[in-house]
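# Reading the structure
The lines below spell out each chain.
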Amino acid sequence: ITATSPFIIKVIININIVRICLLFDNTKQAKKMLIEIVTKNPESYNGHKILAMLYEKEGGQRKAVDEYAQVISINPKEYDAYFKVATLLTDLDKKDEAIDTLTNLLNKKPDYPEATIALGDLLIEKEDYKEAANYYNEALKYNPTSFELNYNLGIVYTMLNDFQNAKICYEKAAQINSALYHARYSLGQINLLYGDLEEAEKYFMECIDAEEVESGAYYYLARIAMIKGETEKAKNYANIAIEENPTLYDKMADENIFMPIIDEVNKPRLSVDGKKKTKKRTLSKKEMFIDLYLDNTCKIVGKLNNNDIEMMENVKKTKQQTINLDNEIEKE
């Protein structure tokens, strides 16, 4: 038995008392004891770790970072502490420091998917898409069946305008988790961008049961119907889209493709306070951003492969046929 044994035993007992205090929500006493423990014994792994968790819970991010740093210095293989530090630094808007921490973590443990996803999000914010792609591809070597890694890599390739690889990633993500619709929604947008209307229509039809993308799916189905010259179908889809998300009416009114039918679709209903009723969406900021990017790309790159012209010609033919039929009826 060493001379320090009684002291170590006392620390162990005090840590257990701290846990009991926390069990009964006596955080004040727990914090007081923890500070005393780490002051007298700076190498107390459990003392620093529990104190870090306590500071984090209370919203003291800066103090929590300092305590997690102590945990790492005691045990450099405490990878979760690295991730905690990075998360807290992100919350503190110290994103460059968070990137450095996550990079350090992944150098030590490349098979940490949560760290890759967090780092990827930060790199996407900085528009460093190539670097994000490198980390996602590396992570997929260890977790090839991760929905989020495949989907996020699809986002990165989308932002690099590498739509072919983006499509491959979204298809993998959709196969991995069929209950999450957003990969299929993006696939619909990419197929629409390439002018593959049948594939795009198929994916958007699969999305109409998902509340978070339902209105957008009906909007795109209306768009596809207009390209095909199926104006009645387009009006039906447009009405459902507007019913689900009234802001889509103004969006459609500003687009030439909907010009032939916009006066015939239902205007959005107003609530009691005079505002348009809009259902709450559950899309993340990242998902909304990529939706908008792909939507704008569909309009800019090749104007949907020049199918807008074909759509207008189909509408003109349909209107002319209707006029001719009316004239024949009048003659009779």
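Residues numbered from 1 in each chain as written. Predicted model: local features only at pLDDT ≥ 70, side-chain atom pairs only at ≥ 80, totals over all residues. Heavy atoms only, no water.

### Section: the side chain of Glu67
Mapped onto the secondary structure, Glu67 falls in helix H4 (residues 61-74). No salt bridge is formed by the buried Glu67, whose closest oppositely charged neighbour, Lys63, lies at an N-O distance of 8.9 Å. At a separation of 2.6 Å, a polar atom in the side chain of Glu67 contacts the side chain of His48. Excluding anything up to four places from it in sequence, Glu67 contacts His48, Leu51, Ala52 and Tyr55. (Helix = DSSP H or I, 4+ residues; strand = E, 2+ residues; numbered from the N terminus. Buried < 20%, exposed > 50% of the residue type's maximum accessible area, 1.4 Å probe, protein only. Lys, Arg positive; Asp, Glu negative; His and termini not counted. Salt bridge = Lys/Arg side-chain N within 4 Å of Asp/Glu carboxyl O. Polar contact = N/O pair within 3.5 Å; in protein donor to acceptor, adjacent residues only side chain to side chain. Contact = heavy atoms within 4.5 Å.)

### Focus on helix H16 (residues 285-300)
In this model, H16 (16 residues) spans 23 Å end to end at C-alpha, consistent with the 22 Å of a helix rising 1.5 Å per residue. By the burial criterion, the buried members of H16 are Glu287, Ile290, Asp291, Leu294, Asp295, Thr297 and Cys298. Along the long axis of H16, the arc covered by the buried residues comes to 165°, so they all point the same way. Opposite its buried face, H16 presents the exposed residues Lys285 and Ile300, each directed more than 90 degrees away. (Expected span 1.5 Å × (residues − 1). Arc of directions from axis to C-beta.)

### So, the nonpolar core
One finds Tyr151, Tyr170, Leu192, Phe204, Met252 and Phe258 to be the most contacted residues of the largest nonpolar core, which totals 96 residues. Sorting elements by how many residues they give to this core places helix H13 (residues 214-228) first, with 10 residues. In contact with Phe204, not counting residues within four places along its chain, are Tyr185, Gly188, Gln189, Ala217, Tyr220, Leu221 and Ile224. (Core = buried A, V, L, I, M, F, W, Y, C linked by side-chain atoms within 4.5 Å.)

### A short note on unusual backbone geometry
Unusually for a residue other than glycine, Asp93 sits at a positive phi of about 65°. The exposure class assigned to Asp93 is exposed, which follows from its relative accessible area of 57%. Phi is positive for Glu127, close to 60°, though the residue is something other than glycine. Positionally, Glu127 belongs in the loop between helix H7 (113-125) and helix H8 (129-140). On the basis of relative accessible area, Glu127 is assigned to the exposed category, the value being 58%.

### Looking at the packing of helix H2 (residues 27-40) against helix H3 (residues 45-58)
Two elements in contact, H2 and H3, have axes separated by 9 Å at closest approach and are oriented at 140°. With respect to H3, the axis of H2 lies oblique. Two packed elements cross with a definite hand, and for H2 against H3 that hand is left-handed. Each of Thr27, Lys31, Leu34, Ile35 and Val38 in H2 lies in contact with H3, whose residues at this interface are Gly47, His48, Ile50, Leu51, Leu54, Tyr55 and Glu58. (Axes fitted to C-alpha atoms, helices over the stretch in contact; angles between N-to-C directions. Parallel < 35°, antiparallel > 145°, perpendicular 65-115°, else oblique. Left-handed = near helix turned anticlockwise from the far one by under 90°.)

### Observations regarding the side chain of His48
Along the chain, the position of His48 falls in helix H3. Overall, His48 belongs to the buried group, its relative accessible area being 5%. Side-chain polar atoms of His48 contact the backbone oxygen of Pro42, separated by 2.8 Å. For His48, the residues in contact, after removing those within four places along its chain, are Val38, Pro42, Glu67, Gln70, Val71 and Ile74.

### Some points on the packing of aromatic side chains
In the structure shown here, the tally under the stated rule is nine aromatic pairs. Residues Tyr185 and Tyr220 carry aromatic rings whose centres are separated by 6.0 Å and whose planes lie at 70° to one another, so their mutual orientation is edge-to-face. Separated by 35 residues along the polypeptide, Tyr185 in helix H11 (residues 182-193) and Tyr220 in helix H13 bring together distant segments of the chain. Counting every residue linked through ring pairs, the aromatic cluster contains Tyr185, Phe204, Tyr219, Tyr220 and Phe258. (Phe/Tyr/Trp six-rings, centres within 6.5 Å; stacked < 30°, edge-to-face > 60°.)

### Quick word on the pattern of salt bridges
The final tally for this structure, using the stated rule, is 20 salt bridges. Residues Lys228 and Glu201 are paired through a salt bridge, measuring 2.8 Å at the closest nitrogen-oxygen approach. A residue pair is termed long-range when its members are at least 10 positions apart, and Lys228 in helix H13 and Glu201 in helix H12 (residues 197-207) qualify at 27 residues. Since its relative accessible area comes to 25%, Lys228 is described here as partly exposed. In this structure Glu201 comes out as buried when scored by relative accessible area, which is 14%. Salt bridges here are not isolated pairs; linked through shared partners, they connect Arg223, Lys251, Glu255 and Asp295.

### Quick notes on the confidence of the model for the protein chain
In the predicted model, the protein chain carries a mean pLDDT of 85, and the fraction of residues at 70 or more is 82%. Note that residues 304-309 has pLDDT below 50 and, in this model, 11 contacts with residues that lie over four places away or in other chains. (pLDDT = per-residue confidence, 0-100.)

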